[in-house]
Amino acid sequence: MSDATAVDLVLLALRVGIGFAMFAHGFNHAFRGGKIPGAGRWFASMGMRYGLVQGWLATLTELGSGPLIVAGLLTPLGAAAVVGITFVAFAIHHRKNGFFIFRPGEGYEYVMVLGLAGLALGTVGPGRWSLDQALGIRDDLTGAPGLLLTAALGLGGALLLLAATWRPVKE
């Protein structure tokens, strides 16, 4: 196996793993447990205004970004969604619970790894086995432009959302 083929295989595996995790999380919000109203109540309990809107936004972002990432289509946008979702999760819930996910309240290791993987994927691109490559947009959105676009949209969107809607509950 050539080095280029190995890189493409690893990028495909990374895309499938991240994309599946995001889609599954959105599917869980939409169709399991308390569904979107339950997700909205959960967001509201952590100080997010307009909890039901937050439930819908998170669910649709996860359901939409998952397939984009798996297909390798508009990869920096899908990756930015991962970065944004995980940064909001870090800020409003996981950060105060320590590093490890198995700690009470769930630590931030899981959202940190997903967020960094999203940032990396947005930077290096989806590889040759992707719709971005098939459509000829792969080279336009990799390297520094991919990093800047992914970080600006992901972190910028998360920070705007938090500034507009997060009012932390006083402990």
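Up top you'll find the structure we're talking about.
Residues numbered from 1 in each chain as written. Predicted model: local features only at pLDDT ≥ 70, side-chain atom pairs only at ≥ 80, totals over all residues. Heavy atoms only, no water.

To continue, consider the overall build of the protein. When helices and strands are tallied, the protein shows seven helices and zero strands. Helices (α) and strands (β) of the protein occur, in sequence order from the N terminus, as α-α-α-α-α-α-α. Relative to its length of 171 residues, the protein is compact, with a C-alpha radius of gyration of 16 Å against a globular reference of 16 Å. Principal-axis analysis of the C-alpha atoms places the extent of the protein at approximately 55 × 30 × 30 Å. Of all 171 residues assigned to the protein, the portion counted as buried reaches 39%. Considering only contacts in the protein between residues 6 or more positions apart, those separated by 24 or more positions represent 67%. (Helix = DSSP H or I, 4+ residues; strand = E, 2+ residues; numbered from the N terminus. Rg over C-alpha atoms; globule rule 2.2 N^0.38 Å. Buried < 20%, exposed > 50% of the residue type's maximum accessible area, 1.4 Å probe, protein only. Contact = heavy atoms within 4.5 Å.)

Here we take up the packing of aromatic side chains. Inspection of the entire model under this criterion finds eight aromatic pairs. Judged by centre distance (4.8 Å) and plane angle (45°), the ring pair of F27 and F31 falls under tilted. Of the two residues, F27 and F31 both sit in helix 1 (residues 3-31), four residues apart, roughly one turn of that helix. Of the residues examined, F27 reaches a relative accessible area of 32% and is grouped as partly exposed. (Phe/Tyr/Trp six-rings, centres within 6.5 Å; stacked < 30°, edge-to-face > 60°.)

Within the largest apolar cluster, 20 residues are counted, with the highest numbers of intra-cluster contacts made by I18, M22, F43, M48, I92 and L162. Sorting the residues of this core by element identifies helix 1, helix 2 (35-45), helix 3 (51-71), helix 4 (75-94), helix 5 (109-124) and helix 7 (144-165) as the ones contributing at least two each. The contact partners of I18, leaving out residues within four places of it in the chain, are I69, V82, L114, A117, G118 and L121. (Core = buried A, V, L, I, M, F, W, Y, C linked by side-chain atoms within 4.5 Å.)

Okay, helix 1 next. Taking 1.5 Å as the rise per residue, helix 1 with 29 residues should run 42 Å; its terminal C-alpha atoms sit 41 Å apart, in good agreement. When helix 1 is considered as a whole, its buried residues turn out to be D8, L11, R15, I18, G19, A21, M22, G26, H29 and A30. Considering only its buried residues, helix 1 is in contact with helix 2, helix 3, helix 4 and helix 5. Following helix 1 by one or two positions, G33 adopts a phi angle in the positive range, close to 55°. (Expected span 1.5 Å × (residues − 1).)

A few words on the environment of D8. Considering the arrangement of structural elements, one finds D8 in helix 1. The class of D8 is buried, set by a relative accessible area of 3%. When near neighbours in sequence (up to four residues on either side) are disregarded, D8 contacts G127, R128 and W129.

The next thing to look at is the environment of M22. Following the sequence through the fold, M22 ends up in helix 1. For M22, a relative accessible area of 2% translates into the label buried. Spatially, the C-alpha atoms of M22 and E62 are 5.0 Å apart, while their sequence positions differ by 40 residues. Once you skip the residues sitting within four places of it in the chain, M22 turns out to touch E62, S65, G66, V82, I85 and L114.

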